[in-house]
Amino acid sequence: LYTDGVTEAADSDHDMFEEERLEALVHDHRNASAAELEVKIVEAVIGHAEGRLQDDLTLVIAAIS
């Protein structure tokens, strides 16, 4: 689960992170732990937004064991 602050994080050209990029990131790291996936997503969003603060950034990641 995620808030719109993840997918609507914009870079300096106003290009948003968007769901497709999030889906690809989750797919690429599908074998990571929940904690590792959280770090990957947050780093990717902040990197995409060039370090600018977002209105919100909330993730709920659950691992099935």
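Residues numbered from 1 in each chain as written. Predicted model: local features only at pLDDT ≥ 70, side-chain atom pairs only at ≥ 80, totals over all residues. Heavy atoms only, no water.

Draft legend 1. Just the side chain of His48, in detail. Looking at where His48 falls in the secondary structure, it is placed in helix H3 (residues 34–48). Classification of His48 as buried rests on a relative accessible area of 12%. In contact with His48, not counting residues within four places along its chain, are Ala9, Ala10, Asp11, Asp15, Met16, Phe17 and Arg21. (Helix = DSSP H or I, 4+ residues; strand = E, 2+ residues; numbered from the N terminus. Buried < 20%, exposed > 50% of the residue type's maximum accessible area, 1.4 Å probe, protein only. Contact = heavy atoms within 4.5 Å.)

Draft legend 2. Structural detail: the packing of aromatic side chains. On inspection of all chains with the given rule, the structure shows zero aromatic pairs. Directly above the ring of Phe17 sits Arg21, whose terminal nitrogen or CZ lies 5.4 Å from the centroid. (Phe/Tyr/Trp six-rings, centres within 6.5 Å; stacked < 30°, edge-to-face > 60°. Lys NZ or Arg CZ within 6 Å of the ring centre and 35° of its normal.)

Draft legend 3. Up close: unusual backbone geometry. Phi at His14 is positive, roughly 70°, even though this residue is not glycine. Tracing the chain through its elements places His14 in the loop between helix H1 (4–7) and helix H2 (18–28). In this structure His14 comes out as exposed when scored by relative accessible area, which is 67%. The phi dihedral of Glu50 falls on the positive side, at around 55°, and the residue is not glycine. With relative accessibility at 46%, the residue Glu50 sits in the partly exposed group.

Draft legend 4. Spatial organisation of a negative patch on the surface. Side chains of Asp13, Asp15, Glu18, Glu19, Glu20 and Glu23 sit close together on the surface and give a patch of like negative charge. By the secondary structure assignment, Glu18 is in helix H2. (Patch = residues over 30% accessible without salt bridge, like charges linked within 9 Å, V, L, I, M, F, W, Y side chains within 5 Å. Areas by Shrake-Rupley, 256 points an atom, 1.4 Å probe, with all protein chains shown as cover. Salt bridge = Lys/Arg side-chain N within 4 Å of Asp/Glu carboxyl O. Lys, Arg positive; Asp, Glu negative; His and termini not counted. Charge placed at Lys NZ, Arg CZ, Asp CG, Glu CD.)

Draft legend 5. Structural view of the nonpolar core. Within the largest apolar cluster, nine residues are counted, these being Val6, Ala9, Phe17, Leu22, Leu25, Leu37, Ile41, Val45 and Ala49. Those elements that provide at least two residues to this core are H2 and H3. Residue contributions to this core peak at three residues, all from H3. With sequence-adjacent residues up to four places away left out, Ala9 is seen in contact with Asp4, Asp15, Met16, Phe17, Val45, His48, Ala49 and Gln54. (Core = buried A, V, L, I, M, F, W, Y, C linked by side-chain atoms within 4.5 Å.)

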